[in-house]
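Secondary and tertiary structure notes
Listed here are the chains, written in short residue letters.
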Amino acid sequence: MVTVGDITEYLIPKGYTLAVTLEIADATLGGLAMGTGMTTYSHKVGLYHENVVSYEVILGDGSLVNASKEENYELYQTLPWSHGSLGFLVALTVKLVKIKPYVKMTYSPIEGQKNYCDTIREISGANDKNEKVPDYVEATIYSRDRAVVMSGKFSDYDDRIPVNHITRWYKPWFYKHAETALENGQFTELIPLREYLLRHNRAIFWVVESMIPFGNNLWFRFFFGWLLPPKPAFLKFTTTPGIRAFTFTHQVFQDIVLPIKELEEQINISEKLFKTYPLLVYPCKIYDHGDNSGQLKRPASKYIVPNTNYAMYNDLGIYGVPGYVQTKEKYNPVQAMRDMEKFTRDVGGYSFLYADIFMSKKEFEEMFDLTLYEKVRKKFHAEGAFPHLYQKVKPEIDVFKIGEKYKIS
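Report follows, based on the coordinates. (Residues numbered from 1 in each chain as written. Predicted model: local features only at pLDDT ≥ 70, side-chain atom pairs only at ≥ 80, totals over all residues. Heavy atoms only, no water.)

This next bit is on a nonpolar patch on the surface. The grouping of Trp169, Leu218, Trp219, Phe222, Phe223, Phe224, Trp226 and Leu227 at the surface amounts to a nonpolar patch, some 940 Å² of accessible area in total. With respect to the helices and strands, the residue Phe224 is situated in helix 10 (residues 218–224). (Patch = residues over 30% accessible without salt bridge, like charges linked within 9 Å, V, L, I, M, F, W, Y side chains within 5 Å. Areas by Shrake-Rupley, 256 points an atom, 1.4 Å probe, with all protein chains shown as cover. Salt bridge = Lys/Arg side-chain N within 4 Å of Asp/Glu carboxyl O. Helix = DSSP H or I, 4+ residues; strand = E, 2+ residues; numbered from the N terminus.)

In structure tokens, the structure reads:
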């Protein structure tokens, strides 16, 4: 298995990187291809699968096939978001981009929800396809009215700009570093490209704070920061059913793809349901490939960027302990997530399926278009050999029973 850590270490010294990668070093390229992924470059190139040229897959009958735009096109269209429910992936051909050794990153603090939402839309090209956009765009929202919008461009070394090695074990976690702009004002720095791409790796965005509340303490970072992040395989191995049920009801970890025109409403709904900050925002193109193009439904015409075949969406990352849990207020985790999923369906968005889902099969089929997927399962021998997508991604626990047991009344 090739991980993001492996591929960035190999490619970047040669002057290239993946068009779309992920900030977590242990994520695998195959996992991203069969699931999905986006990054802060996605406002230029879309989701991970838009940058896959071809897949080599072993089907349910044991045959090895290639899937691309020229060969087995229906399979090519449905492998993304299939989560291994159509075949075993053995090889990928992916697009690369030419790079420079640094990212020149500017951190801009913005007050007022409308102001920062408008800024994100403007610099991502959501309003105008001819907008000259930076190479990287992201935002961290620290409260309803305060955010830091970050824009980065590929850069050579410039001795007039300070260099920040942000992934060194003793450095502040990235989201805490970005937050300093709220007090100190806008600033610009150079970040070595591989370090930028893995900037959220140590704290898994800010999830580690829920596990180790003192993890960003200077002394902890200096003496123990090299231990982070915890390995996902270790966390899975040591998670008992009791711990799984407890974390399921006392934490939220969701990435949701939503139309960026609805960004203000996304934030307000998230605050109402979870009362937790920070929130992560990555703009991303969602292309309209026509009918029966795969599991992603076509973006609504009202969201299409004028004179293009794509809409600008965004990842809304909601991670951490809900505020209601921290203050022991009334909170039902299952109902909160079901309400978030309903909002997502209503605006034509999509839940990332690596996280827990709370939808019935009928609701799942309202969010995703399984028309072509069902056809491909029959045609390419997946039935009886691989589980259905819904069965593959739904939680292994009874979410309704556990949610009722652990809800805060």
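Pairing within the open sheet is antiparallel, and its eight strands lie in the order 9-6-8-7-11-12-10-13. Of all the strands in the sheet, just strand 9 (187–192) and strand 13 (350–351) have a single pairing partner and so form its edges. As paired strands, strand 7 (residues 136–143) and strand 8 (residues 146–155) are joined by seven bridges and run antiparallel to one another. When the bridges of strand 8 are listed, Thr140 appears paired with Val148. Across the sheet, helix 13 (residues 263–274) touches strand 7, strand 10 (252–259), strand 11 (279–287) and strand 12 (310–320), and the angle it forms with strand 12 is around 20°. Lying over the sheet, helix 15 (residues 333–346) contacts strand 10, strand 12 and strand 13, oriented at roughly 15° with respect to strand 10. (Pairing = 2+ DSSP bridges. Contact = heavy atoms within 4.5 Å. Axes fitted to C-alpha atoms, helices over the stretch in contact; angles between N-to-C directions.)

A few words on the packing of aromatic side chains. A complete count under the given rule lists 31 aromatic pairs for this structure. Between Phe222 and Phe223 the ring centres are 5.2 Å apart and the planes differ by 90°, which places this aromatic pair in the edge-to-face class. Here Phe222 falls in the partly exposed class, since its relative accessible area comes to 44%. Overall, the relative accessible area of 47% leaves Phe223 in the partly exposed class. Sitting over the face of the ring of Tyr10, Lys14 holds its NZ or CZ atom 4.0 Å from the ring centroid. Between the NZ or CZ atom of Lys285 and the centre of the ring of Tyr310, over which it lies, the distance is 4.4 Å. (Phe/Tyr/Trp six-rings, centres within 6.5 Å; stacked < 30°, edge-to-face > 60°. Buried < 20%, exposed > 50% of the residue type's maximum accessible area, 1.4 Å probe, protein only. Lys NZ or Arg CZ within 6 Å of the ring centre and 35° of its normal.)

Moving on, we come to the sheet that holds strand 4 (residues 88–94). Spatially, 3-2-4 is the arrangement adopted by the three strands of the open sheet, whose pairing is antiparallel. Edge strands, defined here as strands with exactly one partner in the open sheet, are strand 3 (64–68) and strand 4. The sheet shows a mean angle of 20° between the axes of neighbouring strands, direction not considered. Examined bridge by bridge, strand 2 (residues 52–58) and strand 4 share six bridges and lie antiparallel to one another.

Quick look at unusual backbone geometry now. The omega torsion across Leu228 and Pro229 is 0°, close enough to zero to call that bond cis. Tracing the backbone through its elements, the reader meets Pro229 in the loop between helix 10 and helix 11 (232–238). Of note, the bond from Tyr277 into Pro278 is cis; its omega dihedral lies within 30 degrees of zero at 5°. On the secondary structure map, Pro278 appears in the loop between helix 13 and strand 11. A positive phi is found at Asn72, a non-glycine position, where the angle reads about 55°. Here Asn72 shows up in the loop between strand 3 and helix 4 (73–78).

Interhelical geometry of helix 5 (residues 113–124) versus helix 13 gives an angle of 130° and a closest axis separation of 9 Å. As the angle between them shows, helix 5 and helix 13 are arranged oblique. In the packing of helix 5 onto helix 13, the handedness of the crossing is right-handed. Note on element contacts: helix 13 touches helix 5 through Leu263, Glu264, Ile267 and Asn268, opposite Gln113, Lys114, Tyr116, Cys117, Asp118, Ile120 and Arg121. Split by residue class, the contact of helix 5 with helix 13 holds five nonpolar, two polar and four charged. (Parallel < 35°, antiparallel > 145°, perpendicular 65-115°, else oblique. Left-handed = near helix turned anticlockwise from the far one by under 90°. Nonpolar A, V, L, I, M, F, W, Y, C, P; charged D, E, K, R; others polar.)

Turning next to the nonpolar core. Among the nonpolar cores identified, the biggest contains 126 residues, and Leu75, Tyr107, Tyr116, Phe274, Met340, Phe364 and Phe368 are the most heavily contacted of them. Discounting residues that sit within four places of it in the chain, Phe364 has contacts with Leu353, Ile357, Met359, Leu370, Leu389, Tyr390 and Val393. (Core = buried A, V, L, I, M, F, W, Y, C linked by side-chain atoms within 4.5 Å.)

Here the focus is the pattern of salt bridges. Enumeration over the complete set of coordinates arrives at 23 salt bridges. Where Arg199 meets Glu23, a salt bridge forms, and the shortest distance between an N and an O atom there is 3.3 Å. Of this pair, Arg199 sits in the loop between helix 8 (193–197) and helix 9 (208–211) while Glu23 sits in the loop between strand 1 (16–18) and helix 2 (29–34), placing them 176 residues apart in sequence. Residue classification places Arg199 among the buried positions, given a relative accessible area of 3%. The exposure class assigned to Glu23 is buried, which follows from its relative accessible area of 1%.

Moving on to the side chain of Asn314. Relative to the elements of secondary structure, Asn314 occurs in strand 12. At a separation of 2.9 Å, a polar atom in the side chain of Asn314 contacts the side chain of Gln266. Not counting chain neighbours up to four residues away, the residues in contact with Asn314 comprise Ile256, Val257, Leu258, Pro259, Ile260, Leu263, Gln266, Val281, Tyr282, Pro283 and Cys284. (Polar contact = N/O pair within 3.5 Å; in protein donor to acceptor, adjacent residues only side chain to side chain.)

A word on the pairing of strand 8. A large share of strand 8 lies buried, amounting to seven of its 10 residues. Where strand 6 (residues 102–111) and strand 8 come together, 10 bridges link them in antiparallel fashion. From the neighbouring strand, Val103 faces strand 8, where its bridge partner is Phe154. The turn joining strand 7 and strand 8, which pair antiparallel and follow one another in sequence, is formed by two residues.

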